[in-house]
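This is what each chain is made of:
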Amino acid sequence: MKHNHQSYIAITLFSLLLLVNQAALAVGKSLQDLMPSTTTVTTVAAKEITWRESVQSVGSLSAFKGATITAQANGPVTEIYFKSGDEVKKGQKLVQIYPDILQAQIAQAKANEALNKATYERDKKLVAKGFVTAEALDTAKANYEFSAAQVRQYEAQLSQYVITAPFSGRIGLNQVSIGSYLTVGTPIVDLQDINSLRVDFSLPETYLNQVKVGESVSLTSNAYPDKSFQGNVYAIDSSIDTDTRMISVRAKIDNDKHQLLPGAYVEVTLYLTNSKQVIVIPATAVQYSPEGAYVYLLSKDKKKAIKTPVSLGEQLDNNQIIITKGLKPGDPIITGGQMKLMYSDYNVKVADNKTAGNPPTSK
């Protein structure tokens, strides 16, 4: 009895499994019947372009000419000739320090110079007549030359009481006011020439044989996320940092509109020397599975979608991606409707879209 009971249970379970299997097949068939027999898709042609490899880094901007203007003499400020943020020219007056005492000393020195000059000129005439000795003439000449040198000394000192711009550039924030007493070295204002800037950044030493003077760079700033600034490498450090194994690179950046300022943090893209031909397609055409990336290739008769494994390279601008393996130039790639292909039998119909075959322009 026990054996018959077990046999009955086994037959019952087998029957249930058979029914479940038949139901699953029926449901699967009905789902397949519901799916369209042909999927409408759009395509583009895989495109071959000339591409230069690039490397990214971060950098900091600085001015080729930048200085903190300081006082060169002691005294109170009597005039300020600039406003914060002004653009100034080389030699333009910035600050006047009280000059009256020195001007009085200059006036006295000039009077002594005039007197000593007259004495020397007179003695030159008298020495020939024997009324003045040669030693007296030498003394008169020395007194004249000393007083003339003293005038030049005072005038040189007076020039330090007028602070001028050492080069053309943009004035920063004023740090003094009328009446402020300045001593030698007191900061007055920052001055930066920002018509062009330099950016310093570092690269791993593995790029040493690829980066050259003259190579182009492009940088972006958080202040202008949708704009890039162009420049060129003009200097490479003579040694590699032993702690980081990085090499420092410096590039010149055009900044004629004065949008960038020294001290800014920027992202730098350096375009390396070597260029090569690569195949690119829209990144949206690429699908992913546990086995790897793939695309759908349109068959020659334009009626089938062929699942084609690909190897991916660098993602470029304008939604493009480099394909390193799996495609050749001109291959028609399905870019629209491919999400439905995993549920169909891969029968396709190409949409009537005259612009579908033109991929976006690569950088």
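Our structure is the block above this text.
Only a predicted model underlies this, so the values are computations on that prediction, with no experimental measurement involved.

A. Representation of the overall build of the protein within the structure. Along its length, the protein carries 3 helices and 20 strands. When each of the 363 residues of the protein is scored for burial, the buried share is 33%.

B. Broad picture of the environment of Phe-201. Among the structural elements, Phe-201 can be located in strand β9 (residues 187–204). The exposure class of Phe-201 is buried, given its relative accessible area of 2%. A C-alpha to C-alpha distance of 6.6 Å links Phe-201 and Ser-57, two positions 144 residues apart in sequence. Once residues lying within four places of it in the same chain are set aside, the contact partners of Phe-201 are Ser-57, Val-58, Gly-59, Val-217, Ile-247, Ser-248, Val-249, Ala-251, Val-268 and Leu-270.

C. View of the pairing of strand β12 (residues 246–254). Only one face of β12 is covered, namely the one carrying Ile-247, Val-249, Ala-251 and Ile-253; the face carrying Met-246, Ser-248, Arg-250, Lys-252 and Asp-254 has none of its residues buried. With 5 bridges connecting them, strand β11 (residues 224–236) and β12 associate as antiparallel partners. The partner of Ile-236 across the bridge, within β12, is Val-249.

D. Fine view of the packing of aromatic side chains. Inspection of every chain in the model, using the stated rule, returns 4 aromatic pairs. Pairing Tyr-224 with Phe-229 gives two aromatic rings, centres 6.0 Å apart and planes at 70 degrees, and the pair type is edge-to-face. Residue Tyr-224 is classed as partly exposed on the basis of its relative accessible area of 27%. Under the relative-accessibility criterion, Phe-229 is labelled buried at 4%. Aromatic pair Tyr-294 and Tyr-296: ring centres 5.6 Å apart, planes at 85 degrees, arrangement edge-to-face. Its relative accessible area of 1% is what places Tyr-296 among the buried residues. Positioned above the aromatic ring of Tyr-294 is the side chain of Lys-307, whose terminal nitrogen or guanidinium carbon lies 4.3 Å from the ring centre.

E. Highlighting the packing of helix α2 (residues 100–127) against helix α3 (residues 134–159). Between α2 and α3, the least distance of the axes is 8 Å, while the angle of their chain directions is 155 degrees. Relative to α3, α2 is oriented roughly antiparallel. Of the two elements, α2 crosses α3, and the hand of that crossing is left-handed. The class makeup of the residues in the contact of α2 with α3 is 14 nonpolar, 9 polar and 7 charged.

F. Region of the structure containing the pattern of salt bridges. Summed over the entire model, instances satisfying the criterion amount to 7 salt bridges. A salt bridge links Arg-52 to Glu-215; the nearest nitrogen and oxygen atoms lie 2.5 Å apart. A residue pair is termed long-range when its members are at least 10 positions apart, and Arg-52 in strand β2 (residues 47–70) and Glu-215 in the loop between β9 and β10 (216–221) qualify at 163 residues. Residue Glu-215 is classed as buried on the basis of its relative accessible area of 11%. Between Asp-331 and Lys-328 there is a salt bridge, with its nearest N and O atoms 3.2 Å apart.

G. Region of the structure containing α2. Taking 1.5 Å of rise per residue, 28 residues should cover 40 Å, and α2 covers 40 Å from first to last C-alpha, within 8% of that figure. Within the sequence span of α2, burial applies to Leu-102, Ile-106, Ala-109, Asn-116, Tyr-120 and Asp-123. For α2, the elements touching its buried residues are α3.

H. Spotlight on the nonpolar core. Formed by 24 residues in total, the largest nonpolar core has its most connected members in Leu-94, Val-95, Ile-171, Leu-182, Ile-188 and Leu-191. Those elements that place two or more of their residues in this core are β5 (93–97), α2, α3 and β9. Core analysis: the second largest hydrophobic core is formed by 23 residues, Val-55, Ala-63, Ile-247 and Val-266 among them.

I. Structural view of the sheet that holds strand β6 (residues 162–164). Here 4 strands make up an open sheet; going across it, the order is β6-β5-β3-β8 and the pairing antiparallel. Only two strands of the sheet have a single partner each, and these edge strands are β6 and β8 (181–182). Here 3 bridges tie β5 to β6, and the two strands are oriented antiparallel to one another. Looking at β6, one finds that Val-95 is bridged to Ile-163.

J. Representation of the pairing of β2 in the model. Pairing of β2 with strand β13 (residues 265–282), which is carried by 13 bridges, proceeds in the antiparallel orientation. In the strand pairing of β13, Lys-47 is matched with Val-280. Strand direction decides the pairing type here: β2 and β9, joined by 11 bridges, are antiparallel. Residue pairing in the sheet places Ile-69 in a bridge with Val-189 of β9.

K. Representation of the side chain of Ser-147 in the model. Residue placement: Ser-147 occurs in helix α3. With near-sequence residues (within four places) excluded, Ser-147 lies in contact with Ala-109, Asn-112, Glu-113 and Asn-116.

The rules we used
- Residues numbered from 1 in each chain as written.
- Predicted model: local features only at pLDDT ≥ 70, side-chain atom pairs only at ≥ 80, totals over all residues.
- Heavy atoms only, no water.
- Helix = DSSP H or I, 4+ residues; strand = E, 2+ residues; numbered from the N terminus.
- Buried < 20%, exposed > 50% of the residue type's maximum accessible area, 1.4 Å probe, protein only.
- Contact = heavy atoms within 4.5 Å.
- Pairing = 2+ DSSP bridges.
- Phe/Tyr/Trp six-rings, centres within 6.5 Å; stacked < 30°, edge-to-face > 60°.
- Lys NZ or Arg CZ within 6 Å of the ring centre and 35° of its normal.
- Axes fitted to C-alpha atoms, helices over the stretch in contact; angles between N-to-C directions.
- Parallel < 35°, antiparallel > 145°, perpendicular 65-115°, else oblique.
- Left-handed = near helix turned anticlockwise from the far one by under 90°.
- Nonpolar A, V, L, I, M, F, W, Y, C, P; charged D, E, K, R; others polar.
- Salt bridge = Lys/Arg side-chain N within 4 Å of Asp/Glu carboxyl O.
- Expected span 1.5 Å × (residues − 1).
- Core = buried A, V, L, I, M, F, W, Y, C linked by side-chain atoms within 4.5 Å.

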